[in-house]
Structure formats: structure tokens, C-alpha cells
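Spelled out, the chains give:
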Amino acid sequence: MISRRLFQFGALGAAAMASTRAAWSAAYPTKTVRLICPWPAGGVVDVLSRALAQTLSAEFGQTVYVDNRAGAGGMIGSAEVARAAADGHTLLFNSSSLVQAPAVSAQKLYSPVGDFTTIGSMGRTVMPFIVPKDSPANTLQEFVEYARGRKLAFGTFGAGTTSHAFQQLFSDYNKLEMVHVPYKGEALMLNDILSNQVACAMGTMSTLAPQIDARSVKALAILSPDEVQGYSQIPTFKKLGYPAEFDWRGGFIGLFGPPKLPSDVVAVLESAFTKAISAPAMQTLMKQNFVVGKSSTGRDAAAEVIATNTAWKELVGKLRIAAN
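Presented here is an overview of the structure given in this document. Residues take numbers from 1 onward in each chain, read along the sequence in its written order. Given that the model is predicted, a residue must reach a pLDDT of at least 70 before its local features are reported, and side-chain atom pairs must reach 80 or more before they are shown or counted; all residues, however, enter totals for whole chains, interfaces and linings. Calculation of side-chain values draws on the structure's entire complement of heavy atoms; hydrogens and water are dropped beforehand.

**Some details on the overall build of the protein**
Reasoning step 1: Helix and strand assignments come from DSSP, with helices taken as H or I runs of at least 4 residues and strands as E runs of at least 2, each series counted from the N terminus. The helix and strand tally for the protein stands at eleven helices and twelve strands.
Reasoning step 2: Here the C-alpha coordinates of the protein stretch approximately 90 × 40 × 30 Å along the principal axes.
Reasoning step 3: Buried residues are those whose accessible area, probed at 1.4 Å on protein chains only, stays under 20% of the maximum for their type, while exposed residues exceed 50% and partly exposed ones sit between those limits. For the protein, the residues scored as buried account for 51% of the 324 residues in total.
Reasoning step 4: Any two residues whose heavy atoms approach within 4.5 Å are treated as being in contact. Sequence separation of at least 24 residues holds for 78% of the intrachain contacts in the protein that already meet a minimum separation of 6.
Reasoning step 5: Put simply, the protein shows about 15,300 Å² of open surface, and 53% of that area lies on carbon and sulfur atoms. Note on areas: Shrake-Rupley, 1.4 Å probe, and residue coverage restricted to the protein chains presented here.

What follows is the structure in C-alpha cells.
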């Protein structure tokens, strides 16, 4: 009799808790949502995060604002979300630097896979390999021939970044003796490629496309599994005969939450994210910023993060790259 009463009490309690939780999640968000962008204002991640925040604000009927928390290759802001309350009111918008920075840093501020709930990915970005307009090379092979026997400098937007890893891979593959010159961001890197201070560089297409269009620089190849719409004249490394390592399918840019977000809150966020990035205005903005590939949510997006994390750790381990 006592066991039956305890069972009935437990069942009623569980039902009440489920009902309370359902009511809570149905009202989510119940207050202002902080969307952390772990990069300075003005970059691709920041631009897309602000557009997403505006769309989510309209969808939720609650303010969603962007908080730029830059530093340590994006790890400062990301770590703040990893430690946030699992209620969905603190979120993260970041690129694949989420997994890349910890792999090359002595600081381990978070686990890139275990300390976040993946909401969704917009897709990935592409990166052109450029040289100054006065470079004697007009093709990638001509650049290799020019670089042999010379200790040319290659510029990157930071040590331990995609820009660094793939130019080092390019140098090693071609048995060159290139020297790495890291900059604190793309703007400084671009200034020196324009003034012919470095022999080559890699950066985001959204930053470099205007310079390519203006013929201020020459794009000799592009880090992408497929050619980029409107820039079919720039060959992929794969098309130029480079091995599968250069057919980089890793990378992502998307929305994350703290670990162990309730499944019903995740469902609300996934639905809102999908609706936001499907809007014509967002699609146009993504195209303008050269976000390519398929968008995804839930397990598919989480699988992208895991795959990128694995591939990146293998690559930087092989190249012995570190950020400091």
C-alpha cells in the first residue's frame, strides 16, 4: 500500500515537473538574450551575428543583442558561454576557431566538443591564396618556381589559424623555405600584401574579394572543395593537382549554447535558427560574405564540429603548429 502511494506520488510529481518545464520552455526566452561574438566588430563573424540577432529578436519578441568578447583567438568569449547557465539566455556565434584555437594554444579554456550545445551551422567560408599585384607569379606553379631558393614571407591573420596552417602545408608540400609573418587580424595583413611586404597571404574571401575585383592583388588558388560562384577563374587546390589535404571540407560558422541545454529549448533555438537563415535577406548577406555549403542543425551540425575538430588536430599535429 505504501509502495503504491509512493509510486503514485512520484508519478504525480514527475508529471507536475514535466508540466512546469514544458510551460517554462514554451515561454523561452523569458528575458533578454546575450549573443556573444568572440571577435572584434566589423569582421565576418560579427556581421553575421548582428544580422542573426536582429532576426531572432523579431522571432522571439525579446531583445537579442551582440556582445563582442574578443581575445585569445576567440577563446575568451567562447569560454564565457561554456560556463554560462544552461537556460538559453547566453549564446555563442562563432566560426571553426571554436575548435581550432584550443588545438594550437597552451591555454585549454574549454573542450570544443564537450562544453557546448551545437544549435546550427550556416555553412563554411572559403579562403583565397593571394600575391601582390606586382608579383612575378601569375599562377600557383609560377609562384612555386619563384619561391624556390628564396626565403619568402607569407602573411597570416594570426598564428595557429587556417591561414597559417594551409600556407605552412603549402610551403612544406612544395619543399619551400618560407617564413611565417603573423598579424593581429586581416586588416594589417592586407596592408602589407598591398605594399608588397610579404610575398603571399591567405584570408577570408569576404575581406579579399574587393581587392581581387580591383586587381590590387592576384588570387592564384582558393581553399575550397568546389569553385566559388562568380570566381570560377580562381582554381581550387584540388583542381591544380594538390592532394586531399588541400581539399579542405572542414570549417563552420554557426550558433552554439552552453552544455546540457534542455532539449525543448534546443528545439526552439533550432527552429528559430533555421527560419532566420532561410530568410531572403540573410541568404543575401551570407552570399555576400561567401558562406558556402549546406546549412545544418542538431546532430548534423554537431557532426560537422566533431569532424572539423578531428581533422584540424591531425593537421596542426602534423605541421607542429602552435599559437605561441
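Now that the structure has been shown, the text picks up again.
**Structural notes on the packing of helix H7 (residues 186–194) against helix H8 (residues 205–213)**
Reasoning step 1: Their axes nearest at 11 Å, the elements H7 and H8 cross at an angle of 25°. Here H8 runs roughly parallel to H7, going by the angle between their axes. Regarding H7 and H8, the two cross each other, and that crossing is right-handed. Counting all contacts with H7, which are made through Glu186, Leu190 and Leu194, the residues of H8 involved are Thr207, Leu208 and Gln211.
Reasoning step 2: For this classification, the nonpolar set comprises Ala, Val, Leu, Ile, Met, Phe, Trp, Tyr, Cys and Pro, the charged set comprises Asp, Glu, Lys and Arg, and every other residue, Gly included, is treated as polar. Considering only residue class, the contact of H7 with H8 consists of three nonpolar, two polar and one charged. The axes are straight lines fitted to the C-alpha atoms, using for helices just the contacting stretch, and the angles between their N-to-C directions are given from 0 to 180°. Should an angle fall under 35 degrees it is called roughly parallel, over 145 degrees roughly antiparallel, and 65 to 115 degrees roughly perpendicular, with every other angle called oblique. By definition, any crossing whose near helix is turned counterclockwise from its far helix by less than a right angle is left-handed, and any crossing with a clockwise turn is right-handed.

**A word on the sheet that holds strand E9 (residues 217–223)**
Reasoning step 1: Strand pairing requires that DSSP identify at least two bridges connecting the strands. Overall, mixed pairing links the five strands, which are arranged E7-E6-E8-E5-E9 in an open sheet. Only two strands of the sheet have a single partner each, and these edge strands are strand E7 (179–182) and E9. On average, each strand axis in the sheet is inclined to that of its neighbour by 25°, with strand direction left out of account.
Reasoning step 2: For strand E6 (residues 153–156) and E7, the ladder comprises four bridges, and the chain directions are parallel. Looking across to E7, one finds that Thr156 is bridged to Pro182.
Reasoning step 3: Packing against the sheet, H8 makes contact with strand E5 (127–132), strand E8 (200–202) and E9, and its axis sits at approximately 40° to E5.

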